[in-house]
Amino acid sequence: MTPSGDQVRFAGLDTPFAPLGVGTWAWGDKSTWGMGGYDATLTEATIAEAWEASIAAGVTLFDTAEVYGGGESERIIGRLLASSGVDRDRLVIATKFMPAPWKLDVGKALRRAALASLDRLGIERIDLYQLHGPVSLRSHRALADALAAVVDEGLVAAVGVSNYSARETESIHAALAQRNVALATNQIELSLLRRRPENVGLLDTCRRLGVVPLAYSPIGQGRLTGKYSAANPPPGNRDFSAHPWEKIDPIVAELRSLGETHDGRTPSQVALRWLIQKGAVPIPGAKNARQAGDNAGALGWALTPDEMDRLDAVALDGTTSLKHRFWQHG
Ligand SMILES: NC(=O)c1ccc[n+]([C@@H]2O[C@H](COP(=O)([O-])OP(=O)(O)OC[C@H]3O[C@@H](n4cnc5c(N)ncnc54)[C@H](OP(=O)(O)O)[C@@H]3O)[C@@H](O)[C@H]2O)c1
């Protein structure tokens, strides 16, 4: 992938796509993102507009999970696929299996979950199927067997993991290779508020193994857009990279300053561009057409090496809380 934003491909999947996706956790979710609750502006109609605007701008990767909105995010995507008339072959639909510790027969549980996701999405094959986090009690070999079985059956094209450390990524990559399946992705929290995966060598490991890092919460759950502040914090239960505002403000100021020298790019666009040039594919959430169009403006231009250095200099490592350490091994 080059800074000019060439197309990306996942190992195991032929469909090329731009190095930017859309995260759909908010679609159908009440508690964190407020649909049907505190955010009265988030409706299925605005979601449909975000979907259309993304695809029109060439952003065709959509990331969901069986747990988002208790399956509602997948159902909404299923309804959009059925009604919007978009060419299914252009899209990359990624979803996730939650490998909860009590799912000891992980092969059976994963296959059942994949079938349920396929049903909610209304599709024949999941383009990218990811393990949601490193929380299973089963070995990487057992998890790899479970993933390889759904690939062999044709239910899934490419496979990935999420929140895996460099060591865990190496290990599951090797276990999958034993089954002739390539590990396509590792979805991790990566942003100017959490550069840790680069600092600890996880991005280098991904590059060496041909694993694409998908960057989640890439605009800090809204904190890097410039619209929130100490006086006006994000609503809802958004606790990823919730650093004190005195640490966030200088980063937003640098994003604004750099954006001004690039035809008035927004802070979000500069924050996403920094990730793309790190070799990651960011998957920002978008609730409406305006946000989707704004985020798509991270494509098609480039930061200079000096500008990348300026952003590196203000980025936070983002060492996580105990709660996050349980989940985010990356
Ligand atoms: N694998 C995992 O464990 C994991 C964990 C977290 C997320 N994810 C994935 O990553 C995706 C993205 O992460 P995220 O949703 O946590 O955070 P994010 O992408 O950093 O922030 C998304 C939120 O920021 C606001 N926003 C988005 N674009 C904007 C723009 N251009 N201008 C102004 N505001 C904008 C919207 O909320 P408001 O308008 O309400 O501010 C939106 O819901 C998720 O949807 C999900 O697919 C995965």
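See the structure above.
Residues numbered from 1 in each chain as written. Predicted model: local features only at pLDDT ≥ 70, side-chain atom pairs only at ≥ 80, totals over all residues.

**Q** Hey, could you run me through the site of the ligand in this one?
**A** Around the ligand sit 31 residues, and of these Gly23, Trp25, Tyr216, Gly222 and Gly285 come closest. Ranked by residue count, the leading element in the shell around the ligand is helix H10 (residues 289-296), at three residues. Counted by class, the shell around the ligand contains 11 nonpolar, 15 polar and five charged residues. (Near = placed C-beta within 6 Å. Helix = DSSP H or I, 4+ residues; strand = E, 2+ residues; numbered from the N terminus. Nonpolar A, V, L, I, M, F, W, Y, C, P; charged D, E, K, R; others polar.)

**Q** Would you mind showing me how to read the sheet that holds strand S6 (residues 183-189) here?
**A** Hydrogen bonds between backbone atoms are what pair the strands of a sheet, whose relative direction is either parallel or antiparallel. Pairing in this open sheet of eight strands is parallel, and the strands run S1-S2-S3-S4-S5-S6-S7-S8 from one edge to the other. The open sheet terminates on both sides in strands that have one partner only, identified here as strand S1 (21-23) and strand S8 (281-282). Sheet topology places strand S7 (residues 212-216) next to S8; two bridges connect them, and they run parallel. Following the sheet pairing, alanine 215 is matched in S8 by proline 282. (Pairing = 2+ DSSP bridges.)

**Q** In this structure, what is going on with the pairing of S7? I would like to understand it.
**A** Burial analysis of S7 places five of its five residues in the buried class, which makes it a mostly covered element. In S7, alternate side chains face the same way, and those of Val212, Leu214 and Tyr216 on one face and Pro213 and Ala215 on the other are all buried. Pairing of S6 with S7, which is carried by five bridges, proceeds in the parallel orientation. By the bridge assignment, asparagine 186 is partnered in S7 with proline 213. (Buried ≥ 20, exposed ≤ 12 C-beta atoms within 10 Å, placed from the backbone.)

**Q** I keep staring at the packing of helix H5 (residues 166-178) against helix H7 (residues 202-209) and nothing clicks. Help me out?
**A** For any two helices packed against each other, the geometry comes down to the angle between their axes and how far apart the axes lie. Two numbers describe how H5 lies on H7: the axes approach to 9 Å, and their chain directions differ by 20°. Classified by the angle their axes make, H5 and H7 are roughly parallel. Helix-helix and strand crossings are classified by hand; for H5 and H7 the assignment is right-handed. Along the contact surface, H5 presents Ala166, Thr169, Glu170 and His173, while H7 presents Leu202, Thr205, Cys206 and Leu209. Per-class residue counts for the contact of H5 with H7 are four nonpolar, three polar and one charged. (Axes fitted to C-alpha atoms, helices over the stretch in contact; angles between N-to-C directions. Parallel < 35°, antiparallel > 145°, perpendicular 65-115°, else oblique. Left-handed = near helix turned anticlockwise from the far one by under 90°. Contact = placed C-beta atoms within 7 Å.)

**Q** Looking at this structure, I do not really get the pairing of strand S5 (residues 156-162). What am I missing?
**A** Two faces make up the sheet, and in a regular strand the side chains alternate between them. Most of S5 is tucked away, with seven of its seven residues classed as buried. In this sheet, S5 lies alongside strand S4 (residues 126-131) in parallel orientation, the contact comprising five bridges. Within the sheet, the bridge partner assigned to tyrosine 129 lies in S5 and is valine 159. As for the winding sense of the linkage, the β-α-β connection from S4 through helix H4 (residues 140-152) to S5 is right-handed. Of the strand pairs in this sheet, S5 and S6 are connected by four bridges, and their pairing is parallel. Bridge pairing in S6 places valine 159 opposite leucine 183. (Right-handed = clockwise from strand over helix to strand, strands pointing away.)

**Q** Mind showing me how you'd approach the nonpolar core here?
**A** One recurring pattern in soluble globular proteins: nonpolar side chains tend to sit buried together. Counting 92 residues, the largest nonpolar core has Ala114, Tyr129, Leu147, Val159 and Ala215 as its most contacted members. Apart from residues lying up to four places away in sequence, tyrosine 129 is in contact with Thr95, Phe97, Ala114, Leu147, Val150, Val156 and Val159. (Core = buried A, V, L, I, M, F, W, Y, C linked by C-beta atoms within 7 Å.)

**Q** Would you take a moment to explain helix H8 (residues 245-260) for this structure?
**A** Each turn of an α-helix holds 3.6 residues, which means side chains three or four residues apart point in the same direction. Between the first and last C-alpha of H8 there are 22 Å, a value that for 16 residues agrees with the 22 Å anticipated at 1.5 Å per step. Taken together, the buried positions of H8 are occupied by Ile248, Ile251, Val252, Glu254, Leu255, Leu258 and Gly259. An end-on view of H8 places all buried positions within 160° of arc, on one side of the element. Relative to its buried face, H8 has exposed residues pointing more than 90 degrees away, namely Glu246, Pro250 and Glu260. In this structure, the buried residues of H8 make contact with helix H9 (267-277) and helix H11 (305-314). (Expected span 1.5 Å × (residues − 1). Arc of directions from axis to C-beta.)

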